[in-house]
Amino acid sequence: MRSVQDISERESKTLGLQRHAKKQEKQSPQYRQAELIVISEVQQDVADFIRAEIESQERASSGRRMKWYDDLKGLNCDVLALRALQCAVSGAINNKPWVAVMASMGEHIYQEFLGQQFDGAEDIDHAVQKKKLFEKKTLYSRIRFVQGLLIEHTKWKTERKVTAATPLINAVLASKVFERFERTVKVNGKLKTEVRVVFSALGTASLEAHNERIEWAAAVFLPIAGKDAGGNPLKPVPWTSTKSGVYHDRKLSALVPLIRNGAEAQNTAIDALCAKRLPKFMEALNVLQNVPFAINEYVLSAVKYAWANNIVLSKFPSQTRLDLPQPVKQWGDMSRDERELFKQDRQAVKERNLQITNDVWQMRQDTDIADLLVEKQEFRLGANCDKRGRAYFVSPFNYQRGDYQKALFLLKNKQPVKDSLKWLLIHAANTGDFDKVSKRELVERQIWATMNLDWITACGKDFEANTQWHQADKPFQFLAACRELYLYTQDPDNYESGLPVAIDATNSGAQHYSAITRSQKDGALCNLVPQDKIADLYEVVADKVTNSISVDHCEKYQTQRQQWLAFGIGRGDVKRNVMTYFYSSKAWGMAQQLVTDTMQPLERKRLANREFEHPFGRTEWQQKSAAMYAAKHIFSAVENTVSSAAETMSYLRSCAGLLAAENKPLIWKTPSEFVAHQYYSHKVGKKLKLWFFENELRLPTHKRRSVAVAEDTSKCDIHRMKNACGANVIHSLDSAHLLLTVLACQEKGINDFFVIHDSFGSTSADMEKMYATVRETFIAMYAEYCIFEVVDKSTRAVLSLSNLEKMEKIPTKGDLDLKAITKSEWCFS
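Remember, it's a predicted structure, so these values are computed and weren't measured experimentally. (Residues numbered from 1 in each chain as written. Predicted model: local features only at pLDDT ≥ 70, side-chain atom pairs only at ≥ 80, totals over all residues. Heavy atoms only, no water.)

A contiguous nonpolar patch, built from Val-443, Ile-447 and Met-451 and spanning about 320 Å² of accessible area, is present on the exposed surface. With respect to the element layout, Met-451 can be found in helix α18 (residues 442-451). (Patch = residues over 30% accessible without salt bridge, like charges linked within 9 Å, V, L, I, M, F, W, Y side chains within 5 Å. Areas by Shrake-Rupley, 256 points an atom, 1.4 Å probe, with all protein chains shown as cover. Salt bridge = Lys/Arg side-chain N within 4 Å of Asp/Glu carboxyl O. Helix = DSSP H or I, 4+ residues; strand = E, 2+ residues; numbered from the N terminus.)

Structural data, given as structure tokens:
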């Protein structure tokens, strides 16, 4: 069997990868994989459809030809068919908007069109220029090279790409493997139609019949595994600039930038730092991607068992599709309301089944990759960051995901458990969270795990016979802890463990805002202040919301009021809203979160059990109204509880707004030496009149679609600049704390990490040192760094004199004692 490294470095360049479609090589024979059964079955039909469309336009008079004709004539229809199907597959699996799928197809057409112009240019020395062309490493660089040669060439805008893609999307729909999926939603009081490309029933059945894999649907940048020429474990290439790192294959490495979607000016600034010395954030990324991992085979077996037996677990996907509801009486005998409810039920079941289909493919991919990595015994994860500096892993198969994916990972370098047993016990309590034990003191968590050790170790010995782990908050991570504790009890004096044990920030956003403003009051709410009892900001907000709703006597909202009081508002219901408030979420965004986190799970329960009544009403609008009602109360409660966030966001919004008015970016440097850039171009929606193939009618019909077009990239979107700055700044500081902690831990001899933004993990043996280092790094970072001063200085350096006078004053800081954080047991626990 080929090694994972072979797959990751050799095949990733040739699989039909939509996520990096703009950066791929031209089609090669290897591009058509034998296993792409569904695509190969319909590719010829799609190509024939496109060819027929072009030929029909050739026969039409010039005045009646479609706009796309001149762009497509002369292009290879077989290539266009393959590109169109790949885009459709990616759109269906990743739930991309309809127009985004068409824009992707249009980008492929543009690339083919560009190649055609290059080949047909008479004033170009093709022998010389083609040699230079293929010396370019990336598709982007090749496109720019060809554009530079074609002096008369005009770059295509989104509008032209979408228009050109019309016959391609129609051909894909005519294949019967895909179909259009529409639903009407209400956004800001207005009805909006959302459209997606999805697999039809025929397409889904075909995929399942062939046990199809979806590696070819997204860029499979797999973990680094295997051996080098000297027989040593292969390691990712360290970052030394924004354009080199992770993979050893130069072409594959060129597809992986240091900064995801980084601005050109941002990359230039960071490369300038690298020319002098490696910035701290880059050092930390190199440390993280050098950590060796292994697959937890016990958990992998449990995942496969739970999946095969369709065991219902917290947030674990299901593979049982729901039957479409059937009318209980004739359509003509139904009332208007009954018809609407029936259509809504069918729509909800279709959406649920689409999600189940995606879950099936995701599970197959995860378990396939895990099986490969079991054979390799050791692997590493290449790392990069987003434009705010947050660390991520390049491979989609990583531990920064859901419960079962995290639980599949073990640290390869094991450490003795004997003197650090308490951390394994605490980890079991945290992941199980039975009776909300994770909200208690560390000693209480340890005691709980000790008292329940018999059934915990029984689960670790046989997960099939002992099912208590099914009820855990994080079932598979808890099962992994059960396994380690069982193995420890078999040889207490000598057992070594590689299980990642983690401590999390109480509320990362609130902690950063409190430290920025030195707010003693807000610091106490998020445990930056030593206290006798653990503070729970989520519980405080939930209580305030309950009280607020209880005294709300507005006649208009009495139905929603009674629904929420009957349902009950707990910390879990407001947790996500509170967390995202510190990243600039407003009431509308919180309402959408409540729909996702509360309304939709209840609706899925209703669809699976028709006797269950949704507590917030049958219709989608009733449920959204209830969510919006609660969101307003939650937003008000958080805003009145934590004042430091509002003060900080007000100042940052002021700076971002003034800069945006002058079409200038907001720039700041974090304590980890990451240079963050924020700039959003102004975009407007434009209506395009397009023909779309209608599956049921089997003919094209007229539709209008709105396409986001960047009218002027030099014109800044003031609204987005102001709304995004708070979240971007806090994410950048949250990342700086994590990466600086990694470097500080390494200085103390810790080399194995399991980190996710505001979660810090290592082996149980290293957790005592990490527990202290996380706090020490947080204190040191804010003792020496003030984001107000950094943003103030960078803003004043570029603003005009007239706008300088409009800048807000830096907020006055409070009296929070940063040094006292070392004595707080629960700020990171």
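There is more to say, and it comes next.
We now examine helix α12 (residues 264-276). With 13 residues, α12 extends 19 Å between its outermost C-alpha atoms, agreeing within 8% with the 18 Å of an ideal straight helix rising 1.5 Å per residue. Where α12 is buried, its residues contact β4 (237-241), β6 (259-260), α13 (280-288) and β16 (675-678). (Expected span 1.5 Å × (residues − 1). Contact = heavy atoms within 4.5 Å.)

Looking now at the packing of aromatic side chains. Two aromatic rings are characterised by how far apart their centres lie and by the angle between their planes. Per the stated rule, a full pass over the model turns up 36 aromatic pairs. Note on Phe-434 and Trp-448: the rings are 5.7 Å apart at their centroids and 15 degrees apart in plane angle, and the pair reads as stacked. Here Trp-448 lies in helix α18 and Phe-434 lies in the loop between α17 (421-432) and α18, a separation of 14 residues in the sequence. Looking at Trp-448, the relative accessible area reads 9%, which means it is buried. Plain terms: the ring middles of Phe-434 and Trp-455 are 5.5 Å apart, the flat faces sit at 85 degrees to each other, and that makes the pair edge-to-face. Note that Phe-434 is positioned in the loop between α17 and α18 and Trp-455 in helix α19 (residues 453-461), a separation of 21 residues in sequence. Assessed through its relative accessible area of 17%, Phe-434 is described here as buried. Over the aromatic face of Phe-113 sits the side chain of Arg-160, whose NZ or CZ is 5.7 Å from the ring centroid. (Phe/Tyr/Trp six-rings, centres within 6.5 Å; stacked < 30°, edge-to-face > 60°. Buried < 20%, exposed > 50% of the residue type's maximum accessible area, 1.4 Å probe, protein only. Lys NZ or Arg CZ within 6 Å of the ring centre and 35° of its normal.)

One can find Asn-384 in strand β9 (residues 383-386). Asn-384 gets classed as buried once you look at its relative accessible area, which sits at 3%. Among the polar contacts made by the side chain of Asn-384, one reaches the main-chain carbonyl oxygen of Pro-257 at a distance of 3.0 Å. Here Arg-260 takes part through its side chain, which lies 3.0 Å from a polar atom of the side chain of Asn-384. Contacts of Asn-384, omitting those with residues within four sequence positions, involve Trp-239, Val-256, Pro-257, Leu-258, Arg-260, Leu-285, Arg-390, Ala-391, Tyr-392 and Val-394. (Polar contact = N/O pair within 3.5 Å; in protein donor to acceptor, adjacent residues only side chain to side chain.)

Our focus in this paragraph is the sheet that holds β6. Pairing in this open sheet of three strands is mixed, and the strands run β6-β9-β10 from one edge to the other. The open sheet is flanked by β6 and β10 (391-393), the only strands paired with a single partner. (Pairing = 2+ DSSP bridges.)

Another aspect to go through is the pattern of salt bridges. Pairs can form between side chains of opposite charge whenever their charged atoms are close. On inspection of all chains with the given rule, the structure shows 23 salt bridges. Asp-70 is the salt-bridge partner of Lys-73, the closest N and O atoms lying 3.6 Å from each other. Accessibility expressed as a relative area gives 47% for Asp-70, which makes it partly exposed. One salt bridge connects Lys-439 with Asp-433, and the closest N-O pair in it is separated by 3.3 Å. Residue classification places Asp-433 among the buried residues on the basis of a relative accessible area of 10%.

Of note, Gln-377 is a non-glycine position whose phi angle comes to about 70 degrees, a positive value. Following the sequence through the fold, Gln-377 ends up in the loop between α15 (336-376) and β8 (379-380). Owing to a relative accessible area of 53%, Gln-377 belongs among the exposed residues under this scheme.

Looking along a regular strand, one sees the side chains alternate between the two faces of the sheet. What you see with strand β19 (residues 759-762) is no split at all: Ser-759 and Gly-761 on one side and Phe-760 and Ser-762 on the other are buried throughout. Pairing of strand β14 (residues 501-504) with β19 involves four bridges; the strand directions are antiparallel. Bridging from a neighbouring strand, Val-501 pairs with Ser-762 of β19.

With that settled, consider the nonpolar core. Of all hydrophobic cores here, the largest spans 227 residues; its most connected members are Met-105, Phe-178, Phe-476, Phe-582 and Phe-753. Element by element, the count of residues in this core is highest for helix α29 (residues 718-747), at 14 residues. (Core = buried A, V, L, I, M, F, W, Y, C linked by side-chain atoms within 4.5 Å.)

Its place among the elements puts Ile-109 in helix α5 (residues 98-120). Take Ile-109: its relative accessible area is 0%, and that puts it in the buried class. C-alpha separation for the pair Ile-109 and Leu-168, spaced 59 residues apart in sequence, amounts to 9.5 Å. Excluding its chain neighbours within four sequence positions, the residues that come into contact with Ile-109 are Asp-71, Leu-72, Leu-75, Leu-80, Trp-156, Ala-164, Ala-165 and Leu-168.

Relative orientation of the contacting elements helix α14 (residues 297-308) and helix α20 (residues 475-490) amounts to 140 degrees, with a least axis distance of 10 Å. Taken as axis vectors, α14 and α20 run oblique relative to one another. Considering only the axes of α14 and α20, their crossing is right-handed. For the pair α14 and α20, the contacting residues are Tyr-298, Val-299, Ala-302, Val-303 and Ala-306 in the first and Phe-476, Leu-479, Ala-480 and Arg-483 in the second. Residues that form the contact of α14 with α20 fall into these classes: eight nonpolar, no polar and one charged. (Axes fitted to C-alpha atoms, helices over the stretch in contact; angles between N-to-C directions. Parallel < 35°, antiparallel > 145°, perpendicular 65-115°, else oblique. Left-handed = near helix turned anticlockwise from the far one by under 90°. Nonpolar A, V, L, I, M, F, W, Y, C, P; charged D, E, K, R; others polar.)

It is worth spelling out the side chain of His-614 at this point. In this fold, His-614 is placed in the loop between α26 (587-608) and α27 (620-641). Polar side-chain contacts of His-614 include one of 3.1 Å to the backbone oxygen of Met-599. Excluding anything up to four places from it in sequence, His-614 contacts Met-599, Leu-602, Glu-603, Arg-606 and Gln-623.

This paragraph deals with the confidence of the model for the protein. A low pLDDT score tells you not to read the predicted coordinates there in detail. When the pLDDT values of the protein are averaged, the result is 82; 85% of them are 70 or greater. Confidence scores differ between elements of the protein, with helix α1 (residues 4-11) showing the lowest mean pLDDT of 44 and strand β11 (residues 409-411) the highest of 97. Across residues 1-35, where pLDDT falls below 50, the model places 107 contacts with residues more than four positions away in sequence or in other chains. Within the model, the stretch residues 211-219 combines pLDDT values under 50 with 36 contacts to residues more than four positions away or in other chains. (pLDDT = per-residue confidence, 0-100.)

It is worth spelling out a positive patch on the surface at this point. Taken together, the side chains of Lys-315, Lys-436, Lys-474 and Lys-575 make up a positively charged region of the molecular surface. Assignment of secondary structure puts Lys-315 in the loop between α14 and α15. (Lys, Arg positive; Asp, Glu negative; His and termini not counted. Charge placed at Lys NZ, Arg CZ, Asp CG, Glu CD.)

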